[in-house]
Amino acid sequence: MDFKKFRVVLVIALLAFATACDEESTGPVDADVSAPTTIRAASASEAIILNWTPSVSEGQDNFGGYKITVLNKTTNESFFENAPKGSGHTITGLSNGTRYDISVRAVTSMDKESADAATIEWAPAIRRDVNQDGQEIRVYATTSSSFNSAVDLYNASGICEVIPQSGQEFKDRGDLFVYAPNETSNFLVIRTPSAANNQGLETQFSTVFYDSDDLDNQYATTPPATGTYTSPEVTLTNATVSSGKVIYGRLKRSTDYYYFRLLVKRSGSGKLVQGSGADRYLELSVSFQHIRNIPFAKH
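Described in the following lines is the structure provided in the data block.

The rules behind these values
- Residues numbered from 1 in each chain as written.
- Predicted model: local features only at pLDDT ≥ 70, side-chain atom pairs only at ≥ 80, totals over all residues.
- Heavy atoms only, no water.
- Helix = DSSP H or I, 4+ residues; strand = E, 2+ residues; numbered from the N terminus.
- Areas by Shrake-Rupley, 256 points an atom, 1.4 Å probe, with all protein chains shown as cover.
- Buried < 20%, exposed > 50% of the residue type's maximum accessible area, 1.4 Å probe, protein only.
- Pairing = 2+ DSSP bridges.
- Contact = heavy atoms within 4.5 Å.
- Axes fitted to C-alpha atoms, helices over the stretch in contact; angles between N-to-C directions.
- Phe/Tyr/Trp six-rings, centres within 6.5 Å; stacked < 30°, edge-to-face > 60°.
- Lys NZ or Arg CZ within 6 Å of the ring centre and 35° of its normal.
- Polar contact = N/O pair within 3.5 Å; in protein donor to acceptor, adjacent residues only side chain to side chain.
- 1 Å grid on protein atoms, 1.4 Å probe; cavity = no way out; pocket = protein on both sides within 12 Å on 5 of 7 lines; lining within 4 Å.
- Points joined across faces, edges and corners; volume = space filled by probe spheres on them.
- Nonpolar A, V, L, I, M, F, W, Y, C, P; charged D, E, K, R; others polar.
- Core = buried A, V, L, I, M, F, W, Y, C linked by side-chain atoms within 4.5 Å.
- Salt bridge = Lys/Arg side-chain N within 4 Å of Asp/Glu carboxyl O.

Here's the deal with the overall build of the chain
Part 1 of the reasoning: Broken down by element type, the chain carries two helices and 19 strands.
Part 2 of the reasoning: Total accessible area on the chain is roughly 14700 Å²; 49% of this is exposed by carbon and sulfur atoms.

Considering unusual backbone geometry
Part 1 of the reasoning: Phi is positive for glutamate 46, close to 55°, though the residue is something other than glycine.
Part 2 of the reasoning: Looking at the secondary structure, you find glutamate 46 in the loop between strand 1 (37–44) and strand 2 (47–53).
Part 3 of the reasoning: The backbone of serine 254 sits at a positive phi, close to 60°, despite the residue not being glycine.
Part 4 of the reasoning: Within the secondary structure, serine 254 sits in the loop between strand 17 (245–253) and strand 18 (256–264).
Part 5 of the reasoning: A residue is classified by how much of its surface remains accessible, and serine 254, at 63% relative accessible area, is exposed.

A word on the pairing of strand 16 (residues 233–237)
Part 1 of the reasoning: Burial along strand 16 is one-sided: the residues Val234 and Leu236 are buried and none of Glu233, Thr235 and Thr237 is.
Part 2 of the reasoning: Alignment of strand 13 (residues 187–191) against strand 16, held across five bridges, turns out to be antiparallel. Counterpart to valine 189 in the pairing with strand 16 is threonine 235.

Here we look at the environment of glycine 249
Part 1 of the reasoning: Relative to the helices and strands, glycine 249 resides in strand 17.
Part 2 of the reasoning: Note: C-alpha distance between glycine 249 and tyrosine 259 (ten residues apart in sequence) is 6.0 Å.
Part 3 of the reasoning: With residues near it in sequence (within four places) discarded, glycine 249 still touches Gln204, Phe205, Tyr229, Tyr258, Tyr259 and Phe260.

What about the sheet that holds strand 3 (residues 63–72)?
Part 1 of the reasoning: Strand order in the open sheet formed by four strands is 4-3-6-7, and the pairing between neighbours is antiparallel. Every interior strand has two partners, whereas the edge strands, strand 4 (78–83) and strand 7 (118–122), have only one. Ignoring which end each strand starts from, the neighbouring axes of this sheet average 25° apart.

Examining the packing of aromatic side chains
Part 1 of the reasoning: Considering all chains together, one arrives at ten aromatic pairs under this definition.
Part 2 of the reasoning: One aromatic cluster is present, built from ring pairs that chain together Trp52, Phe63 and Tyr66.
Part 3 of the reasoning: The ring centre of tyrosine 179 lies 3.9 Å from the NZ or CZ of arginine 191, which sits over that ring.
Part 4 of the reasoning: The side chain of arginine 250 reaches across the aromatic face of tyrosine 257, ending 3.8 Å from its centre.

Notes on the environment of lysine 67
Part 1 of the reasoning: If you trace the backbone, lysine 67 turns up in strand 3.
Part 2 of the reasoning: The exposure class assigned to lysine 67 is partly exposed, which follows from its relative accessible area of 23%.
Part 3 of the reasoning: Measuring from C-alpha to C-alpha, the distance between lysine 67 and glutamate 113 comes to 7.9 Å, with 46 residues separating the pair along the chain.
Part 4 of the reasoning: With sequence-adjacent residues up to four places away left out, lysine 67 is seen in contact with Phe80, Glu81, Asn82, Ser103, Val104, Arg105, Val107 and Glu113.
Part 5 of the reasoning: Engagement of the side chain of lysine 67 in a polar contact is seen with the side chain of glutamate 113, the distance being 2.7 Å.

Notes on the sheet that holds strand 1
Part 1 of the reasoning: Taken in spatial order, the three strands make up an open sheet running 1-2-5, and their pairing is antiparallel. On the outer flanks of this sheet lie strand 1 and strand 5 (88–92), each paired with one strand and no other. Geometrically, the sheet is characterised by an average inter-axis angle of 20° between neighbouring strands, direction not taken into account.
Part 2 of the reasoning: Note that strand 2 and strand 5 share five bridges and pair antiparallel. Each bridged residue has a counterpart across the sheet, and for leucine 50 the counterpart in strand 5 is histidine 89.

Here we look at the layout of surface pockets
Part 1 of the reasoning: One number sums up the size of the largest pocket: a volume of about 170 Å³.
Part 2 of the reasoning: As for the largest pocket, its lining consists of Asn131, Gln132, Asp133, Gln135, Glu136, Arg138, Tyr140, Ser146, Phe147, Ser149 and Val162.
Part 3 of the reasoning: Counted by class, the lining of the largest pocket contains three nonpolar, five polar and three charged residues.

So, the environment of threonine 142
Part 1 of the reasoning: With respect to the helices, strands and loops of the structure, threonine 142 is situated in the loop between strand 9 (137–140) and strand 10 (149–152).
Part 2 of the reasoning: Within the structure, threonine 142 has its side chain in polar contact with the backbone nitrogen of alanine 180 (distance 3.1 Å).

What to know about the nonpolar core
Part 1 of the reasoning: Core analysis: the largest hydrophobic core is formed by 28 residues, its most contacted members being Ile48, Leu50, Trp52, Ile68, Ile102, Val104 and Trp122.
Part 2 of the reasoning: Secondary-structure elements contributing two or more residues to this core are strand 1, strand 2, strand 3, strand 6 (100–108), strand 7 and strand 18.
Part 3 of the reasoning: Apart from the residues lying within four places of it in its own chain, the contact partners of valine 104 are Ala35, Pro36, Ile39, Leu50, Trp52, Tyr66, Lys67, Ile68, Ala117 and Ala118.
Part 4 of the reasoning: Ile137, Leu236, Phe260 and Leu272 belong to the second largest nonpolar core, which has 26 residues in total.

A short note on the pattern of salt bridges
Part 1 of the reasoning: This model, assessed by the stated rule, comprises 16 salt bridges.
Part 2 of the reasoning: The salt bridge involving glutamate 283 is made with arginine 138; its shortest N-O contact spans 3.1 Å. Residue glutamate 283 is located in strand 19 (residues 281–288), and its partner arginine 138 is located in strand 9; the two are separated by 145 residues in the primary sequence.
Part 3 of the reasoning: On the basis of relative accessible area, glutamate 283 is assigned to the buried category, the value being 11%.
Part 4 of the reasoning: When the shortest N-O distance is used, the salt bridge between arginine 253 and aspartate 175 registers 2.7 Å. Here aspartate 175 lies in the loop between helix 2 (167–173) and strand 12 (176–179) and arginine 253 lies in strand 17, a separation of 78 residues in the sequence.

Written as structure tokens, this is what we have:
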């Protein structure tokens, strides 16, 4: 090859190299993404339901979704799950009554994680929607009804059991009953058994309530403060309402507490108080922490 041809080849090669370097330096840019915010949770059986405000980066072309890190605080073992764009995710296969540290980061389509994370600590809880007979959990008021009843929210067999609102059984394991002064009163009262002439155990209700038709969709960042569990009863009026009511409570057993949530269901006619006359009742669903001193979240 003569010198002139060599110079042409060299120039072409250098130009090609420069072009390649320039393409590399201006290649795809993996822009940073931000984590979601305002993370909240709800307890379900062996599951934690998460809800958050979506990342402000969801509109970016390189947004890839969310990476969820779950740490079991008892075993110190962790695992990861992925979630697409949106405002929530349900983590399943967990242990009821166990605390989990959960962090949610946004990720790019090239798997780069956000520098920040939304975090929460939560615990799954046993869910009960039926009684020992597989029927709706109906607790009748203290009037002349033959169905007069109380409830053991979590009996020795792990079942929500409706029991008589009288006798030794009620004294030994009744968790709550429904009071009415007479058959025509325009309200019913969920009460601690210790208020029944001091013949039962103590249940404490929080002064914090939520309106909801579903325990799954009643999210929180923290449980009610322990200082709010001051009431021996909750009054429900016989009025038309727009949704059911979620009530927080805890069973006091010696120096320990067992926390629960009650969903008082709304009837087809739009009332929390169902039935009529002597046979009025409340219909419940229960989320129960069977491990002592475990609220739905620690902080």
